[in-house]
Amino acid sequence: SKKRKRPKSAEKKGKKKKGLDGSKPAKRMTWTNKQRALVFAARGITFHARHLMNDLRILMPHSKTDSKLERKEGLYAINEICEMKNCNMSMFFEMRKKLDLFMWLSMVPNGPSARFLVQNVHTMDEMRLTGNHLKSSRPLVTFNKAFDEQPHLSLIKELLKQMFATPNMHPKSKPFYDHVLGFTYLDGRIWFRNFQITDQAEGSLVEVGPRFCLWLIKIFSGSFSGNVIYDNPNYKSPNQYRTELKIAASHRYKAKAEKNAKKAAVEIIPKEDELDEIFHTITKDELKQAG
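Residues numbered from 1 in each chain as written. Predicted model: local features only at pLDDT ≥ 70, side-chain atom pairs only at ≥ 80, totals over all residues. Heavy atoms only, no water.

Some remarks on the overall build of the protein
Phase 1 of the analysis: Looking only at helices and strands, one finds six helices and 11 strands in the protein.
Phase 2 of the analysis: Of all 291 residues assigned to the protein, the portion counted as buried reaches 36%.
Phase 3 of the analysis: Carbon and sulfur atoms provide 53% of the accessible area of the protein, an area that totals close to 20200 Å². (Helix = DSSP H or I, 4+ residues; strand = E, 2+ residues; numbered from the N terminus. Buried < 20%, exposed > 50% of the residue type's maximum accessible area, 1.4 Å probe, protein only. Areas by Shrake-Rupley, 256 points an atom, 1.4 Å probe, with all protein chains shown as cover.)

Examining a positive patch on the surface
Phase 1 of the analysis: The grouping of Arg50, Lys68, Arg71 and Lys98 at the surface amounts to a positive patch.
Phase 2 of the analysis: Counting through the fold element by element, arginine 50 comes out in helix H1 (residues 47–59).
Phase 3 of the analysis: Overall, the relative accessible area of 31% leaves arginine 50 in the partly exposed class. (Patch = residues over 30% accessible without salt bridge, like charges linked within 9 Å, V, L, I, M, F, W, Y side chains within 5 Å. Salt bridge = Lys/Arg side-chain N within 4 Å of Asp/Glu carboxyl O. Lys, Arg positive; Asp, Glu negative; His and termini not counted. Charge placed at Lys NZ, Arg CZ, Asp CG, Glu CD.)

Remarks on the side chain of serine 136
Phase 1 of the analysis: When you line up the elements, serine 136 lands in the loop between helix H3 (124–127) and strand E6 (137–143).
Phase 2 of the analysis: Owing to a relative accessible area of 14%, serine 136 belongs among the buried residues under this scheme.
Phase 3 of the analysis: Beyond its immediate sequence surroundings of up to four residues, serine 136 is in contact with Ile58, Pro61, Lys172, Ser173 and Lys174. (Contact = heavy atoms within 4.5 Å.)

Points about the side chain of asparagine 194
Phase 1 of the analysis: Secondary-structure assignment places asparagine 194 in strand E8 (residues 189–199).
Phase 2 of the analysis: Among the polar contacts made by the side chain of asparagine 194, one reaches the main-chain carbonyl oxygen of glycine 209 at a distance of 3.0 Å.
Phase 3 of the analysis: Apart from residues lying up to four places away in sequence, asparagine 194 is in contact with Leu59, Met124, His133, His179, Val180, Leu181, Val206, Glu207, Val208, Gly209 and Pro210. (Polar contact = N/O pair within 3.5 Å; in protein donor to acceptor, adjacent residues only side chain to side chain.)

Topic: the pattern of salt bridges
Phase 1 of the analysis: This model, assessed by the stated rule, comprises 10 salt bridges.
Phase 2 of the analysis: A salt bridge links glutamate 94 to arginine 96; the shortest N-O distance between them is 3.4 Å.
Phase 3 of the analysis: Relative accessible area serves as the criterion here: at 8%, glutamate 94 is assigned to the buried category.
Phase 4 of the analysis: Linked by salt bridges that have partners in common, Glu94, Arg96 and Arg115 make up one network.

Thoughts on the packing of aromatic side chains
Phase 1 of the analysis: One pass over the full model with this rule turns up 11 aromatic pairs.
Phase 2 of the analysis: Note on phenylalanine 192 and phenylalanine 212: the rings are 4.7 Å apart at their centroids and 20° apart in plane angle, and the pair reads as stacked. Of this pair, phenylalanine 192 sits in strand E8 while phenylalanine 212 is found in strand E10 (residues 211–220), placing the two residues 20 residues apart along the sequence. Accessibility classification places phenylalanine 192 together with phenylalanine 212 in one group, the buried group.
Phase 3 of the analysis: Through a chain of ring-to-ring contacts, the aromatic side chains of Phe143, Phe147, Phe164, Phe183, Tyr185, Phe192 and Phe212 assemble into a single cluster.
Phase 4 of the analysis: Its guanidinium or amino end placed over the ring of phenylalanine 102, arginine 115 lies 4.2 Å from that ring's centre, counting from NZ or CZ.
Phase 5 of the analysis: For arginine 189, the ring lying beneath its charged end belongs to tryptophan 215, and the centroid distance is 3.8 Å. (Phe/Tyr/Trp six-rings, centres within 6.5 Å; stacked < 30°, edge-to-face > 60°. Lys NZ or Arg CZ within 6 Å of the ring centre and 35° of its normal.)

What to know about the nonpolar core
Across soluble globular proteins, you tend to see nonpolar side chains buried next to one another.
Phase 1 of the analysis: Of all hydrophobic cores here, the largest spans 37 residues; its most connected members are Met91, Phe93, Met103, Ile156, Phe164 and Phe212.
Phase 2 of the analysis: With six residues, helix H4 (residues 151–164) is the largest single contributor of residues to this core.
Phase 3 of the analysis: Ignoring sequence-local partners within four residues, the contact set of phenylalanine 93 consists of Val39, Phe40, Ala41, Ala42, Ile45, Leu52, Met53, Leu56, Leu101, Phe102 and Met103.
Phase 4 of the analysis: Among the nonpolar cores identified, the runner-up in size contains 13 residues, and Leu38, Ala42, Leu69 and Ile78 belong to it. (Core = buried A, V, L, I, M, F, W, Y, C linked by side-chain atoms within 4.5 Å.)

Remarks on the pairing of strand E9 (residues 204–207)
Across a regular strand the side chains alternate sides, sitting on one face of the sheet and then on the other.
Phase 1 of the analysis: Taken together, the four bridges between E8 and E9 define a ladder with antiparallel strand orientation. Its bridge partner lying in E9, isoleucine 197 is registered against leucine 205.
Phase 2 of the analysis: Between the antiparallel neighbours E8 and E9 lie four residues, among them glycine 203 with a positive phi of about 75°. (Pairing = 2+ DSSP bridges.)

Some thoughts on the confidence of the model for the protein
Interpreting fine coordinate detail is not advised for predicted regions of low pLDDT.
Phase 1 of the analysis: Confidence in the prediction of the protein, expressed as mean pLDDT, is 86, and 87% of residues score 70 or more.
Phase 2 of the analysis: When mean pLDDT is taken per element in the protein, E10 scores highest with 96 and helix H6 (residues 284–290) scores lowest with 80. (pLDDT = per-residue confidence, 0-100.)

A closer look at the state of the cysteines
Phase 1 of the analysis: A full pass over the atoms with the stated rule returns zero disulfides.
Phase 2 of the analysis: With no disulfide of its own, cysteine 87 lies 5.7 Å from the sulfur of cysteine 82, the closest cysteine sulfur. (Disulfide = S-S within 2.5 Å.)

Written out as structure tokens, the structure is:
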């Protein structure tokens, strides 16, 4: 025998419940902007760079992680990793000579992508500032006016905005705005700061950290590849900078050595002593000349 279905109530047929005051219920917000960022690094980074990467992961609840990329694998393999992780953005760190830290920001799989040199790195554990905010809360991402003055900076602004802005109604995020991520373009570099909003009425801020500085190198049309859209003419590689320091130090050493050589070349003429003639021995030649 078939079971008889229970009749649906009027409320379940389509009539929604009304509030006590007779108002319509608020519409439930859905998670529509499903941006996901893959944040990881290549093998060989130092602990300082790893701590910075972990600090940025804390600020980005929409981020995903992965194991370190092997050196033998090319950068184009990151696109495949992002596809497997269901990510449409990537932040990738790589290190050269255990000294120079580089950051890639890319929109996967079609691009664009940008490469930066990371300088002046200070992590949260290193600074130990008094500011503090909720983990996974949504930030206010701010930029100064310089980002709207040049076309390549407008592109970098859009990359940073999509990378660091937490999507609305993200499952891992909290619906609070209690901190500000500030990007400032000054002296040809992008300076990053993170502040806690302590008083919304007065607009008072307390820095949380981390701190770092980005020096743009190149912008590519594709994801980790493609044609060069912009090449920074003012960029100077760390190897070139260290070479110039060595050359300057060698010039200082040569100038100092030449100065010491000139001092040593000056002949010091001794003064004649009157008592030297007392101990003079008369030779035979002098006697013949005298006779």
